Amino acid sequence: MVTESGHSDQSTWLDRRVEQLLGDALPKGFGTGWYSGVAGVLLSVSSFLAVLVFRYPQWFTLSETASRYPVEIMRSLLSLAILAGFLFSAISIVLRPNKRLGVTGIAFCLMAILAGGSGVAVGSGEAAFRIGLDWFILNLVLLALIFVPLERLLPLKPNQGIFRAGWTTDGVYFLFSHCAVELMTFFTLLPATLIAQTLHDEFSGFDAAALPLVVQVLMIMLVADLAQYGIHRGFHSFGWAWPFHAIHHSSRAMDWLAGSRLHVVDIIVTRGVTLLPVLALGFSQQALYIWLIIIAIQATLNHVNIRFDVPLLNQVIVLPRFHHWHHAVTPVDKNFAVHFPWIDRLFGTYYMPAGEWPTETGIEGDPVPPEFTRQLVWPFRRR
């Protein structure tokens, strides 16, 4: 199907299937039970998955986070999530003629309670491979509760709904990138660490970890951004590399979920190359963690469907309008930096007309298939 703008409709089979199961043609404004129903499903499903994390931590928690959770606080949050999920779902049942959202939320709340609720015993044991289900739940709930309301209150494109075309594809990428974080770390951190250790001997007279923490973080941002700029521009420039990165550009909708659409090859190569000089210089672990938080925030924030623009800051730090132009249908190959926009000025790829946002984002002609599974193999099969 082709839209009025001349671009293909990116609705997927999974989009349509979810719509058939939970959606309807009724109004979706405030007071209709739609938002409460969506919130109820989000919280109740997350609660049920959280109970599984408590019961089987050896399978569903990351090695880095498993021992750091304040268990009693997490139990209290789980109780609150179950209660809130139940209440939101009940409100949806009362307000909305179509009861599917509300009933689904109630059903998952009951499943969470029957599986043990907030009083579930914490499991024990070891597993050879861990799935980061805990990381997925925390990020999904936190990011959704922050950015979905903001995108509704301050939208860049008011007609773009929460469940726009292709949202399930990005949702699968979000699930995969969080649950498989240990696997991705293995393929990026291990080779980068081995090479960086060799390079670090060349910088033996420079002790980055001895610098003040703020200086370390700023230096990491600069070093990482220069490295990332190079590999990012390379993905746009080399014919064999572009199809892998084209996956990220294939979404025509920009929102908090769109930044998750990244091919596994793109993730491994970009993260590995970016980490290499950072690790070689020997920054402290604390500085590295702070940088990882910063880059995670920017990766989400810079894709949001929010009219957020601070002209002065736009010259200092990468914000949404700068990165939206990177995703513009035209012009192409602009604004590669992740942290500092002046890097693009330095290399002649800066583009951000004063006060303007791109009218269209995506790739001209929509060459990338919209479904997740087809996107994984598309770069390898493309001639």
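Above this note sits the structure.
Small disclaimer: the values here were computed from a predicted structure and weren't measured. (Residues numbered from 1 in each chain as written. Predicted model: local features only at pLDDT ≥ 70, side-chain atom pairs only at ≥ 80, totals over all residues. Heavy atoms only, no water.)

Draft legend 1. Up close: the overall build of the protein. From N to C terminus, the protein includes 16 helices and 0 strands. Across its three principal directions, the C-alpha atoms of the protein cover 65 × 55 × 45 Å. Residues counted as buried form 48% of the 383 residues belonging to the protein. In the protein, of all internal contacts separated by at least 6 residues, the share reaching a separation of at least 24 is 79%. If you sum the accessible surface of the protein, you get close to 19,200 Å²; carbon and sulfur atoms cover 70% of it. Side chains of the protein give 25 positive and 26 negative charges; the mean places of these two sets differ by 7 Å. (Helix = DSSP H or I, 4+ residues; strand = E, 2+ residues; numbered from the N terminus. Buried < 20%, exposed > 50% of the residue type's maximum accessible area, 1.4 Å probe, protein only. Contact = heavy atoms within 4.5 Å. Areas by Shrake-Rupley, 256 points an atom, 1.4 Å probe, with all protein chains shown as cover. Lys, Arg positive; Asp, Glu negative; His and termini not counted. Charge placed at Lys NZ, Arg CZ, Asp CG, Glu CD.)

Draft legend 2. Structural view of the packing of helix 6 (residues 133-153) against helix 7 (residues 167-179). As a packed pair, helix 6 and helix 7 sit with axes 7 Å apart at the nearest point and diverge in direction by 135 degrees. In terms of axis orientation, helix 6 runs oblique to helix 7. Helix 7 is crossed by helix 6, and the crossing has right-handed handedness. Across the interface between the two elements, Leu133, Trp135, Phe136, Asn139, Leu140 and Leu143 of helix 6 pack against Phe174, Leu175, His178 and Cys179 of helix 7. (Axes fitted to C-alpha atoms, helices over the stretch in contact; angles between N-to-C directions. Parallel < 35°, antiparallel > 145°, perpendicular 65-115°, else oblique. Left-handed = near helix turned anticlockwise from the far one by under 90°.)

Draft legend 3. Representation of helix 2 (residues 34-55) in the model. Between the first and last C-alpha of helix 2 there are 32 Å, a value that for 22 residues agrees with the 32 Å anticipated at 1.5 Å per step. For helix 2, the buried fraction is high: 18 of the 22 residues fall into the buried class. (Expected span 1.5 Å × (residues − 1).)

Draft legend 4. Quick peek at the packing of aromatic side chains. Using the criterion set out here, one finds 16 aromatic pairs in the structure. Ring centres of Phe174 and Trp256 lie 6.0 Å apart, and the angle between their planes is 75 degrees; this geometry places the pair in the edge-to-face category. With Phe174 in helix 7 and Trp256 in the loop between helix 10 (242-249) and helix 11 (264-280), this residue pair connects regions lying 82 residues apart in the sequence. Look at Phe174 and you get buried, because its relative accessible area is 3%. Residue classification places Trp256 among the buried positions, given a relative accessible area of 10%. Seen in terms of ring centroids, Phe340 and Trp342 are 6.0 Å apart; in terms of plane orientation they differ by 25 degrees. Their pairing is stacked. According to the relative accessible area criterion, Phe340 is buried, its value standing at 12%. Looking at Trp342, the relative accessible area reads 38%, which means it is partly exposed. A network of ring pairs unites the aromatic residues Trp34, Phe163 and Trp167 as a single cluster. The ring of Tyr350 is capped by Arg345, whose NZ or CZ atom sits 3.9 Å from the centre of that ring. (Phe/Tyr/Trp six-rings, centres within 6.5 Å; stacked < 30°, edge-to-face > 60°. Lys NZ or Arg CZ within 6 Å of the ring centre and 35° of its normal.)

Draft legend 5. Representation of the side chain of Ser47. Relative to the elements of secondary structure, Ser47 occurs in helix 2. When residues no more than four places from it in sequence are discounted, the contact partners of Ser47 are Leu78, Ala81, Ile82 and Ala112.

Draft legend 6. Molecular detail of a nonpolar patch on the surface. A cluster of nonpolar side chains, namely Phe129, Ile131, Leu183, Phe186, Phe187 and Leu190, defines an oily patch on the protein surface of about 530 Å² accessible area. Turning to its location among the elements, Phe129 is positioned in the loop between helix 5 (100-114) and helix 6. (Patch = residues over 30% accessible without salt bridge, like charges linked within 9 Å, V, L, I, M, F, W, Y side chains within 5 Å. Salt bridge = Lys/Arg side-chain N within 4 Å of Asp/Glu carboxyl O.)

Draft legend 7. Layout of the environment of Val181. Its location among the elements puts Val181 in helix 8 (residues 181-200). Note on Val181: relative accessible area 16%, which makes it buried. If we skip the residues at most four places from it in the chain, Val181 touches Leu62 and Trp135.

Draft legend 8. Looking closely at the pattern of salt bridges. A complete count under the given rule lists 9 salt bridges for this structure. A salt bridge links Glu72 to Arg75, with the shortest nitrogen-to-oxygen separation between them at 3.9 Å. One end of the pair is Glu72 and the other is Arg75, both in helix 4 (residues 71-95) and 3 residues apart, which spans about a single turn. The exposed category is assigned to Glu72, whose relative accessible area is 56%.

The values are spatial; any link to function lies outside them.
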